[in-house]
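What the coordinates show
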Amino acid sequence: MAKLHADDAAGRFVEAAYASALFQARISSIAAAKDPRPGIKVLAERVRDFRTAQLPELARLAATAGVEVRDTLDLELRSIVENIEPLDYLALSRRYAEVETQALGREIAAYEDATRSEAQPVREYAAATLERLRDLSKAARAELAAVAP
């Protein structure tokens, strides 16, 4: 694969996609370990497993794009993780489903934009991943509706 310029939209997409995947892996691990609701637990396990497999793929795409990705979250995402950690039962279910639904919605929009990237590796990766993200988003919305007040 050809190297991309680190300062272009493709590089920014890869950095954002990696950060989003890392964030969702973390919150999903918390929910999978602690949430007693079967639907939330299954969703969290699906997202965690997908993200665990996705992170190395995104790291390879980052290397191609000439960008460096970090295994640390920015302050805002770290704060959300820290606020989810102490929750349990219905509070955990609701907060996880809300955050996951929002994160996937933003991510889908970014992946849709990336399918029009000038960088072929980014375009192909985004197109290949979009359907999986849409499927997870549909499941997250269903779980959110199930635990809504």
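Structure first, text after, so check above.
For clarity, every value in this text was computed on a predicted model and none was experimentally measured.

It is worth spelling out the overall build of the protein at this point. Counting its secondary structure elements, the protein contains five helices and zero strands. In sequence order, the secondary structure elements of the protein are arranged as α-α-α-α-α. Structurally, the protein occupies a C-alpha span of about 50 × 25 × 20 Å along its principal axes. Evaluated residue by residue, the protein yields a buried proportion of 44% over its 149 residues. Across the protein, contacts joining residues at least 24 apart in sequence account for 80% of those joining residues at least 6 apart.

A few words on the nonpolar core. Residues F13, V14, F23, L58, Y96, Y111 and V122 are the most contacted members of the largest nonpolar core, which totals 48 residues. Elements supplying a minimum of two residues to this core: α1 (9-34), α2 (38-65), α3 (75-84), α4 (89-114) and α5 (120-147). When residues in this core are grouped by element, the largest group, 13 residues, is from α1. Among residues more than four places away in sequence, those in contact with L58 are V14, A17, Y18, A21, Y111 and Y125.

Once that is clear, we can look at the packing of α2 against α5. Packing of α2 against α5 brings their axes to within 11 Å, and their N-to-C directions diverge by 160°. One element, α2, and the other, α5, form an angle in the roughly antiparallel class. The element α2 and its partner α5 pack so that their crossing is left-handed. Residues G39, I40, L43, R46, V47, F50, R51, Q54, E57, L58, L61 and T64 of α2 pack against P121, V122, Y125, T129, R132, L133, D135, L136, A139, A140, E143 and V147 of α5. Per-class residue counts for the contact of α2 with α5 are 14 nonpolar, four polar and six charged.

Turning our attention to the environment of R94. Note that R94 resides in helix α4. For R94 and A145, which are 51 residues apart along the polypeptide, the C-alpha to C-alpha distance reads 9.2 Å. For R94, the residues in contact, after removing those within four places along its chain, are L144, V147, A148 and P149.

This part is about the pattern of salt bridges. Within this structure, the stated rule accounts for seven salt bridges. With a closest N to O distance of 3.4 Å, E98 and R95 form a salt bridge. Taken together, the positions of E98 and R95, both in helix α4 and three residues apart, correspond to about one turn of that helix. Residue class for E98 comes out partly exposed when judged on its relative accessible area of 31%. For D113, the salt bridge goes to R116, with nearest N and O atoms at 2.7 Å. By relative accessible area, which is 59% here, R116 ends up exposed. Through salt bridges that share partners, E112, E131 and R134 make up one connected network.

Okay, α5 next. Taking 1.5 Å of rise per residue, 28 residues should cover 40 Å, and α5 covers 40 Å from first to last C-alpha, within 8% of that figure. L130 marks the point of greatest bend in α5, at about 35°.

Take α3 next. Three or more residues of α3 are buried, namely L77, I80, V81 and I84. Burial along α3 is one-sided: seen end-on, the buried residues are contained in an arc of 100°. For α3, the secondary structure elements touched by its buried residues are α1 and α4. Sitting at the head of α3, D74 places a side-chain oxygen 3.2 Å from the backbone nitrogen of E76.

Analysis parameters
- Residues numbered from 1 in each chain as written.
- Predicted model: local features only at pLDDT ≥ 70, side-chain atom pairs only at ≥ 80, totals over all residues.
- Heavy atoms only, no water.
- Helix = DSSP H or I, 4+ residues; strand = E, 2+ residues; numbered from the N terminus.
- Buried < 20%, exposed > 50% of the residue type's maximum accessible area, 1.4 Å probe, protein only.
- Contact = heavy atoms within 4.5 Å.
- Core = buried A, V, L, I, M, F, W, Y, C linked by side-chain atoms within 4.5 Å.
- Axes fitted to C-alpha atoms, helices over the stretch in contact; angles between N-to-C directions.
- Parallel < 35°, antiparallel > 145°, perpendicular 65-115°, else oblique.
- Left-handed = near helix turned anticlockwise from the far one by under 90°.
- Nonpolar A, V, L, I, M, F, W, Y, C, P; charged D, E, K, R; others polar.
- Salt bridge = Lys/Arg side-chain N within 4 Å of Asp/Glu carboxyl O.
- Expected span 1.5 Å × (residues − 1).
- Bend = angle between axes of the 7 residues up to and from the residue.
- Arc of directions from axis to C-beta.
- Polar contact = N/O pair within 3.5 Å; in protein donor to acceptor, adjacent residues only side chain to side chain.

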